[in-house]
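Structural features, examined
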Amino acid sequence: MINGTLFRDSILSAGHNLMNRKQRIDELNVFPVPDGDTGTNMSMTMSAGLRELEMMASEGVETMSKALASALLRGARGNSGVILSLLFRGIAKGLQDKETASNQELAEALEMGVEAAYKAVMKPTEGTILTVARLSAQKAKEIAGEIEDLPVFWEAVCGACKEALENTPNQLEALRKAGVVDAGGMGLYVIFTGMLHFFQTGEILPLKEEERVVTLDNFKDAAAEYDGEITFTYCTEFIVMKDDPAPRAEDAKAYLSTIGDSLVVVEDDDILKVHVHTDNPGNALQKGLSYGSLTNMKIENMREQHANKKKAAKKREGEQFSYRPVDPSIEYGFVAVSAGAGLQALFKELGVEHVVSGGQTMNPSTDDILRAIEATPAKNVFVLPNNKNIIMAAEQAADMTDRGVTVLQTRTIPQGISALLAFDPEGALEENRLNMTRALDAVSTGQITFAARDSQFDGHKIREGEILALENGKISFTEKDLVKAAYKLTKSMLKKESSFVTVYYGEDITNEQKEQVEKLLTDKLGDDLDLNFVEGGQPVYYLIISVE
């Protein structure tokens, strides 16, 4: 039997386990392209749920699961995060009207979660987190009537989860070739085993802190790690000019640890540097005076700072995306997701009212997109995700709003721009949807980036740092020279009917490289094509190439 408190604490344990292992999950991603990796997206999604649960006292399992599901849905990032939120949304529905839940009821709720996740995915692929969740739920349903003990029951569910995960390479060729299991499935297994740890021990897995040696050189960075933790009021820092070179750090630590926390103390023969959070900064300074004279003293009220930061953040958030009711006189509005000052400005020039900052390496949450939609006062809002890993979050946001929303399936920036150019302000909603969809389907997208990690793909070894050329999301080739890669990729994308090529420069390409790219493409292709070069300012991609 599971009650609300057990449910809450097991999820806290699961979330910590996921955060502790997110890097390992990120490394399972098959493609070496720098992106919003699965482990990062799932842990950021889970963090939203943990923040909500940490504020809740003892409640029934219905209340706890409902609060978790709502927070996960709003905080969901990337496809893996959305699927995770939908699993728990279905679980919450299965636990409705329940103060406690038996293993049988928990199994039924898990089954409802799997059904919700499958329904949300247009073309479910086996060998992914969906398969791992489904087979786990299937096992739970099979054994729920036989096992009353919760830890024993959940251990069997975790066993089925692990078995399903280990089989994913046999279901997806890309996983088999890369020699890895599915990253989303691994994330779910880590969540389930984190819950199991609590069920078996009654202890919430702690968040791991990386061990590091603090020196005078990295003192500032080490002290900054404690800025978010407010148990004591005053952040107190000072330097002691020591009267003699004898070691004083251990004595200082012994005393200061009795009056505060977040303690960092380092020294050499001449000085002692101290950072401590305390309610009695005068006592800390007095202790420092016993070793010598003081300099560079700084005392800050962290509670006041925290309150001011929250007010400022809320003000900025409100200024960026303030809710606006639907204005019946405004038929259409647009929301787009993009990163890079040049691209964001371009979208606004093309009629987009709100641009959500985000893209490949930082997928915006469902709530980010929802707030942008609800700040657009049109009766019908078109959303342009411009990334395949953001589409599901946009679709979830569309279901949560009070106005008509159409999510166009734009997977790249060029598709989003082509869709906007096909929009007719006088046209009907369905007519515009069809025309914009045809337009985005007609554009080809090339991307030049770098390999974020060593990898093996389609029989080829890829080394970290190599130039990667992608055509419509698939790795085309690797190169050592960016300019050569730009020409080679553009030429491979051209068809007989191609007329327009637009190159969007990223933030990491040099002016010299821009000139070389423009000259090479103009000399080789300029006679037959309309070439345009635009400052996009996008991160990650040196170049984004649009061919129409």
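For the structure itself, look to the data block above.
Residues numbered from 1 in each chain as written. Predicted model: local features only at pLDDT ≥ 70, side-chain atom pairs only at ≥ 80, totals over all residues. Heavy atoms only, no water.

1. Structural notes on the overall build of the protein
Stated formally: Runs of E in the DSSP output that reach at least two residues are strands. Runs of H or I that reach at least four are helices, and both are numbered from the N terminus. Contacts are assigned to residue pairs that have any heavy atoms within 4.5 Å of one another. To measure how exposed things are, a 1.4 Å probe is used in the Shrake-Rupley method; for residues, cover is taken only from the protein chains shown. Neither His nor the chain ends contribute to the count of charged residues, in which Lys and Arg are positive and Asp and Glu negative. Note on charges: their place is set at NZ of Lys, CZ of Arg, CG of Asp or CD of Glu.
A tally of helices and strands in the protein yields 22 helices and 18 strands. Dimensions of the protein, computed from the C-alpha atoms along their principal axes, are close to 80 × 65 × 55 Å. Counting only contacts in the protein whose residues sit at least 6 apart along the sequence, the fraction spanning at least 24 positions is 71%. About 26000 Å² of surface is accessible on the protein, with carbon and sulfur atoms providing 47% of the total. In the protein, which carries 57 positive and 83 negative side-chain charges, the distance between the mean positions of the two groups comes to 2 Å.

2. A closer look at the sheet that holds strand S7 (residues 332-338)
Two pairing modes exist for strands in a sheet, parallel and antiparallel, and in both the strands are linked by backbone hydrogen bonds. We count it as follows: DSSP-based pairing: two strands are paired if at least 2 bridges between them are found. Axes here refer to lines fitted to C-alpha atoms; in helices the fit is confined to the stretch in contact. Angles between the N-to-C directions go from 0 to 180 degrees.
Ordered by their spatial adjacency, 4 strands build an open sheet running S8-S7-S9-S10, and the pairing between neighbours is parallel. Of all strands in the sheet, those with a lone pairing partner are strand S8 (354-357) and strand S10 (404-407), marking the two edges. Neighbour to neighbour, the strand axes of the sheet diverge by 20° on average, direction disregarded. Direction of pairing for S7 relative to strand S9 (residues 380-384): parallel, over a ladder of 5 bridges. Bridge pairing links Tyr332 to Asn380 in S9. The strands touched by helix H18 (residues 391-398) within the sheet are S9 and S10, with S10 carrying the most contacts at an inclination of about 165°.

3. Comments concerning the sheet that holds strand S5 (residues 271-278)
Strand order across the open sheet formed by 4 strands is S4-S5-S3-S6, with antiparallel pairing between neighbours. The open sheet is flanked by strand S4 (260-267) and strand S6 (292-301), the only strands paired with a single partner. Across the sheet, the axes of successive neighbouring strands diverge by a mean angle of 10°, strand direction being ignored. Here S4 runs beside S5; their pairing, made up of 6 bridges, is antiparallel. Each bridged residue has a counterpart across the sheet, and for Val266 the counterpart in S5 is Lys273. Of the strands in this sheet, S4 and S5 touch helix H13 (residues 249-256), which is tilted by about 170° from S4.

4. Considerations on the pattern of salt bridges
The line we're drawing: Take a side-chain nitrogen of Lys or Arg and a carboxyl oxygen of Asp or Glu: if they are within 4 Å of each other, that pair is a salt bridge. Relative accessibility under 20% of the residue-type maximum defines a buried residue, over 50% an exposed one, and the middle range a partly exposed one, all with a 1.4 Å probe and only protein chains included.
Tallied over the entire structure, the rule returns 18 salt bridges. For Glu126, the salt bridge is made with Arg134, and the minimal N-O distance between the two is 3.1 Å. For Glu126, a relative accessible area of 31% corresponds to the partly exposed category. Between Glu353 and Arg324 there is a salt bridge, with the nearest N and O atoms lying 3.1 Å from each other.

5. Some words on the packing of helix H3 (residues 38-54) against helix H4 (residues 61-75)
Quick note on the threshold: In what follows, roughly perpendicular refers to angles from 65 to 115 degrees, roughly parallel to angles under 35, roughly antiparallel to angles over 145, and oblique to any angle outside these ranges. A clockwise turn of the near helix away from the far one marks a right-handed crossing, whereas an anticlockwise turn of less than a right angle marks a left-handed crossing. Any residue outside Ala, Val, Leu, Ile, Met, Phe, Trp, Tyr, Cys, Pro, Asp, Glu, Lys and Arg is labelled polar, Gly included; the first ten of those are nonpolar and the last four are charged.
Following both chains from N to C, one finds H3 and H4 inclined at 140°, their axes separated by 8 Å at the closest point. Considered as vectors, H3 and H4 are oriented oblique to each other. Crossing of H3 over H4 shows right-handed handedness. On H4, the residues that touch Met44, Thr45, Met46, Ala48, Gly49, Glu52 and Leu53 of H3 are Met64, Ala67, Leu68, Ala71, Leu72 and Gly75. Residues of the contact of H3 with H4, tallied by class, amount to 9 nonpolar, 3 polar and 1 charged.

6. Re the packing of H4 against helix H5 (residues 78-94)
Closest axis-to-axis distance for the H4/H5 pair is 8 Å, and the angle between their directions is 155°. For the element pair H4 / H5, the angle class is roughly antiparallel. Our pair here, H4 against H5, has a crossing hand that is left-handed. Two secondary-structure elements touch here, H4 through Ser65, Lys66, Leu68, Ala69, Leu72 and Leu73 and H5 through Ser85, Phe88, Arg89 and Ala92. Per-class residue counts for the contact of H4 with H5 are 6 nonpolar, 2 polar and 2 charged.

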